[in-house]
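Chain residues, written in single-letter form:
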Amino acid sequence: MENLGEFIVNHWILSTAWIVLAWLVFSDAINRKLTGLHPLDVNQSVRLVNQYKGKFVDVREPEEFEKGHIADSVNLPLSKLDEEISKLKNKSQPLVIVCASGQRAKNAAKKFKSNDFEEVYVMTGGINGWKEAKLPLFS
């Protein structure tokens, strides 16, 4: 430990690479803990909705939703989420937030959490991941 400073100075590239790798490994886990967001893959999302009476909430715009959506999903566009969030009455029902790729869903999930919804999950990959899993979409 006494030579740590000397090691860092002499091997600054290696030390920097280690710090960057540590940040990449732990930043996602730390971010999830701080935000309270829970990512689920497509199969976990389907299992949650089927076994625990969850609901898919699609936050894409209505035009995107009409082109193809998950059966029985609710469309609450992110752009109008603040006004339409009250359509969901049961705040203890598990919600799986879906968008095209998963990015908008993270923002929407934060809004659901701030409105006291208890179980909020983000489906990683979004509708694109759903298509890759060869699961059906309805229009």
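Residues numbered from 1 in each chain as written. Predicted model: local features only at pLDDT ≥ 70, side-chain atom pairs only at ≥ 80, totals over all residues. Heavy atoms only, no water.

- For the chain, the name recorded in an unreviewed UniProt entry is Rhodanese-like domain-containing protein, with Methylophaga marina as its organism.

1. Details of helix H6 (residues 103–114)
Reasoning step 1: The terminal C-alpha atoms of H6, which comprises 12 residues, lie 18 Å apart, in line with the 16 Å expected from a rise of 1.5 Å per residue.
Reasoning step 2: Burial in H6 covers these residues: Ala105, Ala108, Ala109 and Phe112. Taken end-on, H6 shows its buried residues confined to a sector of 105 degrees, consistent with a single buried face. Exposed side of H6, more than 90 degrees from the buried face: Gln103 and Ser114 are the residues found there.
Reasoning step 3: Where H6 is buried, its residues contact strand E2 (55–58), helix H5 (81–84), strand E4 (95–98) and strand E5 (120–123).
Reasoning step 4: Of the residues flanking the end of H6, it is aspartate 116, one or two places downstream, whose phi is positive at about 70 degrees. (Helix = DSSP H or I, 4+ residues; strand = E, 2+ residues; numbered from the N terminus. Expected span 1.5 Å × (residues − 1). Buried < 20%, exposed > 50% of the residue type's maximum accessible area, 1.4 Å probe, protein only. Arc of directions from axis to C-beta. Contact = heavy atoms within 4.5 Å.)

2. Here we look at the nonpolar core
Reasoning step 1: In this structure, Val57, Ile97 and Phe112 are the most contacted members of the largest nonpolar core, which totals 18 residues.
Reasoning step 2: Mapped by element, the contributors of at least two residues to this core are E4, H6 and E5.
Reasoning step 3: With 12 residues, the next largest nonpolar core counts Val42, Val96, Val98 and Trp130 among its residues. (Core = buried A, V, L, I, M, F, W, Y, C linked by side-chain atoms within 4.5 Å.)

3. Some details on unusual backbone geometry
Reasoning step 1: Despite not being glycine, lysine 53 has its phi angle at roughly 55 degrees, a positive value.
Reasoning step 2: Structurally, the position occupied by lysine 53 is in the loop between helix H3 (42–51) and E2.
Reasoning step 3: Overall, the relative accessible area of 66% leaves lysine 53 in the exposed class.

4. A look at the UniProt feature "transmembrane region" (unreviewed entry) in the chain
Reasoning step 1: Here the UniProt-annotated "transmembrane region" (unreviewed entry) positions come out as residues 12–30.
Reasoning step 2: A helix fraction of 100% and a strand fraction of 0% characterise residues 12–30, whose end C-alpha atoms lie 26 Å from each other. (UniProt positions renumbered as here; feature names shortened; annotations may be inferred.)

5. Quick look at the packing of aromatic side chains
Reasoning step 1: All told, the structure shown has 2 aromatic pairs when counted by the stated rule.
Reasoning step 2: Centroid distance phenylalanine 56 to tryptophan 130: 5.6 Å. Interplanar angle 80 degrees. Geometry classified as edge-to-face. Note that phenylalanine 56 is positioned in strand E2 and tryptophan 130 in helix H7 (residues 126–132), a separation of 74 residues in sequence. Comparing phenylalanine 56 with tryptophan 130, the two get one shared label, buried.
Reasoning step 3: Note on phenylalanine 112 and phenylalanine 117: the rings are 5.2 Å apart at their centroids and 80 degrees apart in plane angle, and the pair reads as edge-to-face. (Phe/Tyr/Trp six-rings, centres within 6.5 Å; stacked < 30°, edge-to-face > 60°.)

6. Quick word on the pattern of salt bridges
Reasoning step 1: One pass over the structure, following the stated rule, counts 4 salt bridges.
Reasoning step 2: Here aspartate 58 makes a salt bridge to arginine 60, at a shortest N to O gap of 2.8 Å.
Reasoning step 3: Its salt-bridge partner being glutamate 84, residue lysine 87 comes within 3.7 Å of it at the nearest N-O pair.
Reasoning step 4: The exposure class of lysine 87 is exposed, given its relative accessible area of 55%. (Salt bridge = Lys/Arg side-chain N within 4 Å of Asp/Glu carboxyl O.)

7. Thoughts on H3
Reasoning step 1: For H3, every residue scored as buried is listed here: Val42, Ser45, Leu48 and Val49. Within H3, the buried residues cover an arc of 125 degrees as seen down the axis, which keeps them to one side. In H3, those exposed residues whose orientation departs by more than 90 degrees from the buried face are Asn43, Asn50 and Gln51.
Reasoning step 2: If you follow the buried residues of H3, they end up packed against strand E1 (38–40), E2, E4, E5 and H7.
Reasoning step 3: Sitting at the amino-terminal end of H3 is aspartate 41, which places a side-chain oxygen 3.1 Å from the backbone nitrogen of asparagine 43.
Reasoning step 4: Positive backbone phi, at 55 degrees, marks lysine 53, one or two positions downstream of H3. (Polar contact = N/O pair within 3.5 Å; in protein donor to acceptor, adjacent residues only side chain to side chain.)

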